[in-house]
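# Coordinates in review
This is what each chain is made of:
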Amino acid sequence: MSKPLLELENFSVCYGPVEAVHQVALTVGEGEIVTVIGPNGAGKSTLLNAIMGLLGSSGTLRLGGQPMARPSVEAMVDAGVGLVPEKRELFGEMSVEDNLLLGGFARWRRGQRDQKERMAEVFKLFPRMQERRAQMASTLSGGERQMLAIGRALMARPRLLMLDEPSLGLAPLIVREVLNIVASLRDMGVSVLLVEQNARAALNVADRGYVLEMGEVALTGAAGELMHDRRVIETYLGVG
Ligand code: ATP
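Here's a quick rundown of the structure. The shown structure was predicted, so the numbers you read here are calculated from the model rather than taken from an experiment.

Here we come to the site of the ligand. The environment of the ligand is formed by 13 residues, the closest being N40, G41, K44, S45 and T46. Residue A42 places a main-chain N or O atom 3.0 Å away from an oxygen atom belonging to the ligand. The backbone of G43 places a nitrogen or oxygen atom 2.9 Å from an oxygen atom of the ligand. When isolated, the ligand has an accessible area of 630 Å², and the protein chains bury 56% of it. For the shell around the ligand, the element with the highest residue contribution is helix α1 (residues 44-51), accounting for three residues. Here the shell around the ligand is built from residues that sort into four nonpolar, six polar and three charged.

Printed below as a string of structure tokens:
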């Protein structure tokens, strides 16, 4: 594996008295695409939200070797972590362009005035967003909304981009298109932590994977190995 970018050790997350993520150990190397697969309610979204600082957590979280004690969202954004949430959470009444600009706001506030260049990069990745730059976000198709959500996160120039179920609700052809884009993020120097219920699609695009069951890592390995693991095949890939 390449140099670790994100490292979790004994990472746990509770909702009140209920522990939804239990003592997870996970790493994402620089330039790696790592996927977390698992059934409904396994704790996948909880894990991403806690890494982002949206939920409290215990255990160790290191970024680029630096321990992040009690990570806040702001600290994680400043450290180069981005999240594309499951519900996309776009600003529906705003244009594609304004949604993108908001994604670059934290950089702008820090005095980094490269929003035009960032947007040009996003438009290169998603030409359709350029065509629709003046269109209201709420009127985009499902696939376009996902592209905009990814584009908005890229405006912050993350080193690590976490994607929560990017294929949710999309037609198979669009799923492939979105996951091809995920693969191309690596060429832009972005490492990816991808949560997916569509295990086959996720393992196809990832270098390594973790199977999360009831909040715990049940299995981990190279994506190619997991794809041939009997238990993964029976539980997550189905026949064929
Ligand atoms: P899905 O694929 O269905 O989104 P998931 O693997 O992402 O599932 P989570 O949404 O992280 O799973 O949920 C993990 C567990 O935590 C579930 O048992 C869920 O009911 C519980 N949970 C999630 N959010 C909350 C909350 N805000 N308060 C209390 N419990 C919660």
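Moving on, we come to the pairing of strand β7 (residues 160-164). Among the five residues of β7, five are classified as buried, and the element is accordingly described as predominantly covered. Neither face of β7 is open: one carries L160, M162 and D164, the other L161 and L163, and all of them are buried. By the bridge criterion, four bridges tie strand β6 (residues 81-84) to β7 in an arrangement that is parallel. Residue G82 lies in a different strand from β7, and its bridge partner there is L161. As defined by bridge partners, β7 adjoins strand β8 (residues 191-196) across five bridges and the pair is classed as parallel. Bridged to L160 within β8 is S191. The parallel pair β7 and β8, bridged by helix α8 (residues 172-185), forms a crossover whose chirality is right-handed.

Now for the pattern of salt bridges. A complete count under the given rule lists 12 salt bridges for this structure. Here R208 ties to E32 by a salt bridge, and the two come within 2.7 Å at their closest N and O atoms. Of this pair, R208 sits in strand β9 (residues 208-213) while E32 sits in the loop between β2 (18-29) and β3 (33-37); the two residues are 176 residues apart in sequence, bridging distant segments of the chain. Neither R208 nor E32 differs from the other in exposure class; each is buried. R128 is paired through a salt bridge with E177; the nearest N and O atoms lie 2.9 Å apart. Within this pair, whereas R128 is found in helix α6 (residues 127-131), its partner E177 is found in helix α8, the two being separated by 49 residues in sequence. For R128, a relative accessible area of 26% corresponds to the partly exposed category. Judged by its relative accessible area of 29%, E177 falls in the partly exposed class. Here the residues in one salt-bridge network are R128, R132, E144 and E177, joined through shared partners.

In this section: the sheet that holds β9. Read across the open sheet, the six strands follow the order β6-β7-β8-β3-β9-β10; overall the sheet is mixed. One side of each edge strand has no neighbouring strand; the edge strands of this open sheet are β6 and β10 (216-222). Strand-to-strand twist in this sheet, taken as the mean axis angle between neighbours without regard to direction, amounts to 15°. Where helix α7 (residues 142-154) meets the sheet, it contacts β6 and β7, and its direction lies at approximately 165° from that of β6. Across the face of the sheet, helix α11 (residues 230-237) comes into contact with β3, β9 and β10 while running at roughly 65° to β9.

Nonpolar side chains collect at one region of the surface, where F91, L102, F105 and W108 lie side by side and expose about 380 Å² of accessible area between them. Turning to its location among the elements, L102 is positioned in helix α3 (residues 96-103).

The relative placement of two packed helices comes down to the angle between their axes together with the axis-to-axis distance. The interhelical angle for the contact between α3 and helix α5 (residues 115-125), taken along N-to-C directions, is 120°, at an axis separation of 10 Å. With respect to α5, the element α3 is oriented oblique. Considering the relative orientation of α3 and α5, their crossing is right-handed. Two secondary-structure elements touch here, α3 through E97, L100 and L101 and α5 through Q115, M119, V122 and F123.

This brings us to the pairing of strand β4 (residues 58-63). Bridge analysis of strand β1 (residues 4-15) against β4 gives five bridges, and the strand direction is antiparallel. Directly across from E9, in β4, lies its bridge partner T60. Judged from the two bridges that link them, β4 and strand β5 (residues 66-67) form a sheet pairing that is antiparallel. If you follow L63 over to β5, its bridge partner there is Q66.

Each value, and the rule that gives it
Residues numbered from 1 in each chain as written. Predicted model: local features only at pLDDT ≥ 70, side-chain atom pairs only at ≥ 80, totals over all residues. Heavy atoms only, no water. Near = heavy atom within 4 Å. Polar contact = N/O pair within 3.5 Å; in protein donor to acceptor, adjacent residues only side chain to side chain. Areas by Shrake-Rupley, 256 points an atom, 1.4 Å probe, with all protein chains shown as cover. Helix = DSSP H or I, 4+ residues; strand = E, 2+ residues; numbered from the N terminus. Nonpolar A, V, L, I, M, F, W, Y, C, P; charged D, E, K, R; others polar. Buried < 20%, exposed > 50% of the residue type's maximum accessible area, 1.4 Å probe, protein only. Pairing = 2+ DSSP bridges. Right-handed = clockwise from strand over helix to strand, strands pointing away. Salt bridge = Lys/Arg side-chain N within 4 Å of Asp/Glu carboxyl O. Axes fitted to C-alpha atoms, helices over the stretch in contact; angles between N-to-C directions. Contact = heavy atoms within 4.5 Å. Patch = residues over 30% accessible without salt bridge, like charges linked within 9 Å, V, L, I, M, F, W, Y side chains within 5 Å. Parallel < 35°, antiparallel > 145°, perpendicular 65-115°, else oblique. Left-handed = near helix turned anticlockwise from the far one by under 90°.

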